[in-house]
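If you want the building blocks of each chain, they are given just below.
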Amino acid sequence: MGNKQTIFTDEQLDAYQDCTFFTRKEILRLHGRYHELAPHLVPMDYTKEPDCNVPLALIVNMPELKENPFRNRIVESFSEDGMGNLSFNEFVDMFSVLSEMAPRELKAIYAFKIYDFNVDNYLCKEDLEKTLNRLTKEELTPEEVELVCEKAIEEADLDGDSKLSFADFENMISRAPDFLSTFHIRI
Amino acid sequence: MSMFPDTVAFTEDAIRNEMENEEQNLVKDLVAMSTRDRIRAIQDLPMSFEEKKHIRNQVMAFKSSKQSRQFTCFADCSESVSLFFRRCGYSIRSARQTLELWQVIMKEIGGKFGTSVLSYFVFLKWLLMFNIFSFLVNFGFITIPLLIYGPASPTVSFRGLEILTGAGYFTNTVMYYGGYSNETHVGLVEYNMQLAYFFTITVYMVLCGIALIFSMASSFRTNYVLASPASSGAWQLLCSWDFTVTNERAVKQRKNNLCVQLKESLSEKAQRELLTLSEKMKHFGVYLGSWLLSTGLTVGCGASIYYLCQYEQQRATDTASWSLVQEAETLLVPFVVSLMNLVVPLFYSLFYKFENYSSQRRQIYALVVRNVLLRMSILGVLCYYWMNVVAMNFSCWESMIGQALYRLVIFDFFFLMLGSFFGEFLSKVIGTTVLPRLGVPEFDIARNVLELIYAQTLAWVGIYFSPLLPAIQIVKFFILFCLKKVSLTHNCQPPRRTGRAAQMQTTFIALLFFPFFVGALSMVAYTAWSLTPSEQCGPFRGLNNTFSVVSVWIDDLEEFPGSQWVVWIYQNVIRSEVFYFLITLIILVIIYMFWQVSQGRKELIGLLRQQIVNEGKDKSFLLDKLQNLQKSQPTKTPKQKNQKKPKRRSDVQSSGGQSSSNAMFQAFLARQRLEEEEERRSDGGVPVPSDMSTSSALMQAMLARQRADDLVEDVYQMSDKPLSSSGALAQAMQARQRTEGPERDELYSTAGFSENPVNRSNAVMQARQARQRAEEDRMDDTGDPTSSVSNVMMQVMEARQRAEEEDRSHWLPAQPQNPVPPGSSALIQAMLARQQAGNGFDDGY
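Only a predicted model underlies this, so the values are computations on that prediction, with no experimental measurement involved. (Residues numbered from 1 in each chain as written. Chains lettered and ligands numbered in written order. Predicted model: local features only at pLDDT ≥ 70, side-chain atom pairs only at ≥ 80, totals over all residues. Heavy atoms only, no water.)

1. Some remarks on the overall build of chain A
Counting its regular elements, chain A contains 11 helices and 2 strands. Secondary structure elements of chain A occur, N-terminal to C-terminal, as α-α-β-α-α-α-β-α-α-α-α-α-α. Oriented by its inertia axes, the alpha-carbon framework of chain A measures out at about 60 × 30 × 25 Å. Considering only contacts in chain A between residues 6 or more positions apart, those separated by 24 or more positions represent 55%. When the accessible area of chain A is evaluated, it comes to approximately 7,100 Å², of which 51% is carbon and sulfur surface. For chain A, the distance from the average site of its 20 positive side-chain charges to the average site of its 37 negative ones is 6 Å. (Helix = DSSP H or I, 4+ residues; strand = E, 2+ residues; numbered from the N terminus. Contact = heavy atoms within 4.5 Å. Areas by Shrake-Rupley, 256 points an atom, 1.4 Å probe, with all protein chains shown as cover. Lys, Arg positive; Asp, Glu negative; His and termini not counted. Charge placed at Lys NZ, Arg CZ, Asp CG, Glu CD.)

2. Quick word on the nonpolar core
In a soluble, globular protein the nonpolar side chains are often hidden away together inside. Counting residues in hydrophobic clusters, the biggest one holds 113 residues, and the most contacted among them are B:Tyr120, B:Leu382, B:Trp386, B:Leu405 and B:Trp460. Other than its neighbours up to four places away in sequence, B:Leu405 contacts B:Trp386, B:Leu458, B:Val461, B:Gly462, B:Phe465 and B:Leu469. Ranked by size, the runner-up nonpolar core spans 87 residues in total, among them A:Tyr115, A:Leu140, A:Leu164 and B:Ala234. (Core = buried A, V, L, I, M, F, W, Y, C linked by side-chain atoms within 4.5 Å. Buried < 20%, exposed > 50% of the residue type's maximum accessible area, 1.4 Å probe, protein only.)

3. Description of helix α9 (residues 142-156) of chain A
Taking 1.5 Å per residue as the helical rise, α9(A) with its 15 residues ought to reach 21 Å, and the 21 Å between its terminal C-alpha atoms agrees with that figure. Buried within α9(A) are the following residues: A:Glu144, A:Val145, A:Val148, A:Cys149, A:Lys151, A:Ala152, A:Ile153 and A:Ala156. (Expected span 1.5 Å × (residues − 1).)

4. Considerations on the confidence of the model for chain B
Caution applies to low-pLDDT parts of the model: their predicted coordinates are not meant to be read in detail. Residue and element names in this part refer to chain B. The predicted model of chain B averages 74 in pLDDT, with 68% of residues at 70 or higher. Across chain B, the secondary-structure element scoring lowest on mean pLDDT is helix α21 (residues 645-654), at 39, and the one scoring highest is helix α16 (residues 469-491), at 91. Taken together, the stretch residues 739-764 has pLDDT below 50 and engages in 71 contacts with residues farther than four places along the chain or on a different chain. Across residues 780-790, where pLDDT falls below 50, the model places 5 contacts with residues more than four positions away in sequence or in other chains. (pLDDT = per-residue confidence, 0-100.)

5. A look at the packing of helix α10 (residues 277-315) of chain B against helix α13 (residues 360-393) of chain B
All names here are of chain B. One can describe the packing of α10 onto α13 by two numbers: an axis separation of 10 Å at closest approach and a directional angle of 20°. Taken together, α10 and α13 sit at an angle that is classed as roughly parallel. Crossing hand, α10 versus α13: right-handed. Of the residues in the contact of α10 with α13, the class split is 15 nonpolar, 8 polar and 2 charged. (Axes fitted to C-alpha atoms, helices over the stretch in contact; angles between N-to-C directions. Parallel < 35°, antiparallel > 145°, perpendicular 65-115°, else oblique. Left-handed = near helix turned anticlockwise from the far one by under 90°. Nonpolar A, V, L, I, M, F, W, Y, C, P; charged D, E, K, R; others polar.)

6. With respect to the side chain of A:Gln12
Residue and element names in this part refer to chain A. Mapped onto the secondary structure, Gln12 falls in helix α1 (residues 10-19). Of note is the side chain of Gln12, whose polar atom sits 2.9 Å from the backbone oxygen of Tyr46. Setting aside residues up to four positions removed in sequence, Gln12 forms contacts with Ile7, Tyr46, Thr47 and Glu49. (Polar contact = N/O pair within 3.5 Å; in protein donor to acceptor, adjacent residues only side chain to side chain.)

7. Quick notes on the interface of chain B and chain A
Between chain B and chain A, the contact holds 82 residues from the first and 84 residues from the second. Roughly 7,600 Å² is buried in total at the junction of chain B and chain A, and carbon and sulfur atoms are behind 58% of that figure. Considering only the side of chain B, the residues that lose the most area to chain A are B:Phe49, B:Leu238 and B:Phe243, jointly responsible for 12% of the buried surface there. Connecting chain B to chain A are 3 salt bridges. Note that B:Lys53 is salt-bridged to A:Glu49, the shortest N-O span being 2.9 Å. One can count 10 residue pairs in polar contact (both at pLDDT 80 or more) joining chain B with chain A. Element by element, the count of residues in the side of chain B that touches chain A is highest for helix α9 (residues 248-272) of chain B, at 12 residues. (Buried area = accessible area lost by both parts, 1.4 Å probe. Salt bridge = Lys/Arg side-chain N within 4 Å of Asp/Glu carboxyl O.)

8. Points about the UniProt feature "domain: EF-hand" (unreviewed entry) in chain A
Residue and element names in this part refer to chain A. Within the UniProt annotation, "domain: EF-hand" (unreviewed entry) is assigned to residues 103-138 and 144-179. When the span residues 103-138 is considered, its composition is 64% helix and 0% strand, and the gap between its end C-alpha atoms is 32 Å. Spanning residues 144-179, this segment combines 64% helix with 0% strand, and its end C-alpha atoms are found 25 Å apart. (UniProt positions renumbered as here; feature names shortened; annotations may be inferred.)

9. As for the state of the cysteines
Applying the stated rule across the entire model yields 1 disulfide over all chains. One disulfide in the model links B:Cys396 with B:Cys537; its S-S distance is 1.7 Å. Disulfide B:Cys396-B:Cys537: torsion about the S-S bond near 110°, hence right-handed. Taken together, the residues span a long stretch of sequence, with B:Cys396 in the loop between α13 and α14 (397-434) and B:Cys537 in the loop between α17 (501-530) and α18 (548-557) at a distance of 141 residues. B:Cys537 shares its class with B:Cys396; the two are buried. Looking at the unpaired A:Cys149, the closest cysteine sulfur is the one in A:Cys124, lying at 10 Å. (Disulfide = S-S within 2.5 Å.)

10. A few points about the pattern of salt bridges
Residues and elements named next belong to chain B. Taken as a whole, this structure holds 16 salt bridges over all chains when the rule is applied. Of the charged contacts in the structure, one is a salt bridge between Arg16 and Asp13, with a shortest N-O distance of 3.3 Å. Of the two residues, Arg16 and Asp13 are both situated in helix α1 (residues 3-32); the distance of 3 residues between them amounts to about one turn of the helix. For Glu451, the salt bridge goes to Arg447, with nearest N and O atoms at 3.5 Å. Of this pair, Glu451 and Arg447 are both found in helix α15 (residues 445-462), 4 residues apart, which corresponds to roughly one turn of the helix.

11. Thoughts on the packing of aromatic side chains
With the rule as written, the count across this model stands at 55 aromatic pairs over all chains. Measuring from centroid to centroid gives 5.8 Å for A:Tyr16 and A:Phe88, while their planes differ by 75°, and the two rings are edge-to-face. Here A:Tyr16 is found in helix α1, whereas its partner A:Phe88 is found in helix α6 (residues 88-97), with 72 residues between them in sequence. Neither residue differs from the other here; A:Tyr16 and A:Phe88 are each classed as buried. On the basis of an interplanar angle of 70° and a centroid distance of 4.8 Å, the ring pair of A:Phe183 and B:Phe243 is categorised as edge-to-face. Taken as a pair, A:Phe183 in the segment after α11 (179-182) and B:Phe243 in the loop between α8 (232-238) and α9 lie in two separate chains rather than in one. Residues A:Phe183 and B:Phe243 agree in their burial class; the two are buried. A network of ring pairs unites the aromatic residues A:Phe8, A:Tyr16, A:Tyr34, A:Tyr46, A:Phe88, A:Phe91, A:Phe95 and B:Phe49 as a single cluster. (Phe/Tyr/Trp six-rings, centres within 6.5 Å; stacked < 30°, edge-to-face > 60°.)

12. Comments concerning the environment of B:Leu332
All names here are of chain B. For Leu332, the position within the fold is in helix α12 (residues 332-351). Under the relative-accessibility criterion, Leu332 is labelled partly exposed at 38%. Sequence separation between Leu332 and Leu308 is 24 residues, and the spatial gap between their C-alpha atoms is 8.5 Å.

13. Some details on a nonpolar patch on the surface
Residues and elements named next belong to chain B. The grouping of Trp565, Trp568, Ile569, Ile574, Phe579, Tyr580, Ile583, Ile587, Leu588 and Ile591 at the surface amounts to a nonpolar patch, some 1,000 Å² of accessible area in total. Every element with two or more residues in the nonpolar patch is listed here: α19 (564-574) and α20 (577-636). With 6 residues, α20 is the single largest residue contributor to the nonpolar patch. Take Trp565: it is sitting in helix α19. (Patch = residues over 30% accessible without salt bridge, like charges linked within 9 Å, V, L, I, M, F, W, Y side chains within 5 Å.)

14. A few points about unusual backbone geometry
Residues and elements named next belong to chain A. With a phi angle near 50°, Glu49 is a residue other than glycine that sits in the positive phi range. Residue position: Glu49 is located in the loop between α2 (24-37) and β1 (53-54). Positive phi, normally seen in glycine, also occurs at Asn121, with a value near 65°. For Asn121, the position within the fold is in the loop between α7 (104-115) and α8 (125-135).

Laid out in structure tokens, this is it:
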């Protein structure tokens, strides 16, 4: 604790450590990364909690997100204005949920948000089609896409409303143990 | 009219109140928790950081206000102490992260090859840490005291070959059992080497077992609890994408692979049904053949190792110094063993070309089982030979076994390197230049992990005979890590199939524990319990068996007056059968109880799942009923949408003469509006928090169904009795009020009303057009002077019905309702829409 830094006060760091899954060092590193994105926008001094947002276009260019097919959705799901502008707190939130320590339930909630393209709180066929197109470089024919999505809904839909509610999604996640390790971005 | 805004305002207030209440409750809950739990709970909240911080501040304020009533000084002190400890904890966590090895490399590997390949490296790192720990234990408690109090100096000069054979120069050093003395060193404190050796090894083995059991249990808990092989399609879509992958090429390849897999799975469906009996028989035959072949190979390997050992034993002499040729001859057995371990698994993986396993998992498990059997049989034969032949024929047999194990470990290392050369580098060269059909190889996780497990087993078996073997193991794993990393990034491509890595990892830890660790443990235990230690060397010389060191120690202790209780415990607990009998009995009872509990939970899970399905059925039942109602209405009475305000009015006027049908009609209108409101509400309330629990969904489904039943009843009552228009109206109002109660706390509708609002304006347009057409029809009809009034009515109804059918066909796929507005704006929109409906209603009468 000897190293002095002027980016955050100790109280701020405590709050970050209490509310996210990061340690003090990681918070500072995250701030460094955040600052790197837009050096002219983001101040080095965060003790006064300045109000600044980094736009989506800059965030999705991070090497961790750049190749991710869902990069825009990830950033949008965590931004308060829904447009993908992230404040530092939201930025920390995003990587906290995607970190190794986050529990399955929390990850599931945000994964559902990410896959829910039209924000209607259901994963309907349209959402799945969009997901599939992002996952496959749009090489499948429309019929195949439809077939795959129908099959997926049929398999995972427990209550028979031909779309996936959060309960369906969570149930599916609970049967996919890999989800914990794959829904994870190392920062 | 005026009640609508009020209601909405009230609802908005209610929602806000509800939220505040919820927050207060949450804060109260959090205050009641211990600091550690509270932090954990706050971290787990599905909220943004700002909200979490807000809640955290509230909790802290609440706590400090509570504490200020107590002794302020004490409260301050305890607060600052707890803060200090928390900060200490965080900085320890930070420091541990700094110390973590290869973080960057891990990230790179994960970014290029995904989680499944990464799991191999995680496992390798874990084993490395494990070995560092065991080296520290052994070195600290056995070797350092010996080095301090005068080690035995080697009698033979160093010749260079010892690096490979471990014999000669090393024979009498601290490397092996034989180098340790049985003295009690008297310095600052008395240090009994016998006891130190015995307890260090015992504690080490026990700690290993505990660590393995814990990691296995936690892995099982997270990975196997509810895992089921079903739902592969949805899984592929929603869970299979690996967010760790950040490499551009890897991402492209993954996308391609997923494409191919999806196409395969689509064609597989058609294929599977075509399997005839003869084909099944053929498959069965191939399985049988390959299993027989692999088992035969395993047995053959075991037998040949046994004969080789016997041959070697005939040539070996029991002397401390061998000639160079003799020493080199000892390398034959480890060479053959390692060669078998390298070649036979490669041969096994060829079987894969002939066997058509339906799933990749079964194929991997078959491969794993064969490899495990091979290694078990080889190790089993070697252990048998050591226990029964070496132990009888050599004067310092523990050191001989230690040397044999050292050679095995060293050769295993060379062959691991060769394996990654042949297995990965050569096949890459072949795949890219000679036979492009084969392609760049994938990293074979199963084979590589099994190699690691085998290497670790050697270290465990050797821990008694050569306590410093973990040091060799550390170097070996360290080099292996770097080598595999280089080999992986240069020679391999990302895995084509995204298998279930987590389950595989659990299987590997289980394998490491069950045959391998348990095998090593039983071998060491057998050695300590029943074999006579060698007479001339080692810490246990002169004893009947290793374990008797404890009874000697206890006998010594009896002379000390202060340690009677230790003696008592030894004689009455450790040595009594009754104690073990009781312990076993208690453990059995506990296991049985836990088993019962887990059975009960399994049933509960089944029931809950069934309940979800039932809820789904409820929902669809409700939907059907509503739809049936809507369909059946036009035949009895006209039915309206609120976009048709002007028309509705004219209808009411034209049918004013018939009081009974009018009343019916009005009742329906009222009902219709109710339904519309409900729908609108459902739309307005769509942005519910996505973490709504199933139980609340249950509740709402029940409510909705009840309401639907009520409505149906009302409708039938009205159609039975020829009511007056005002009476019907009153009833309709009543019905509405009745339903409004539950509606108020309704946040979202269970029925599928919240359809996608795509092409909303389009749908509205079409509905309008349809209406216009219908109206034109009506105009035509009423323009006909010859038809009677009732006739006109009939026609109007028909036209309307037609219009409505058209309308509905547009309305059903795309609801011209609110397009998912967020929060309060949804409420406002709902309010507006309702006002509109109210206007129409008032105007109509």
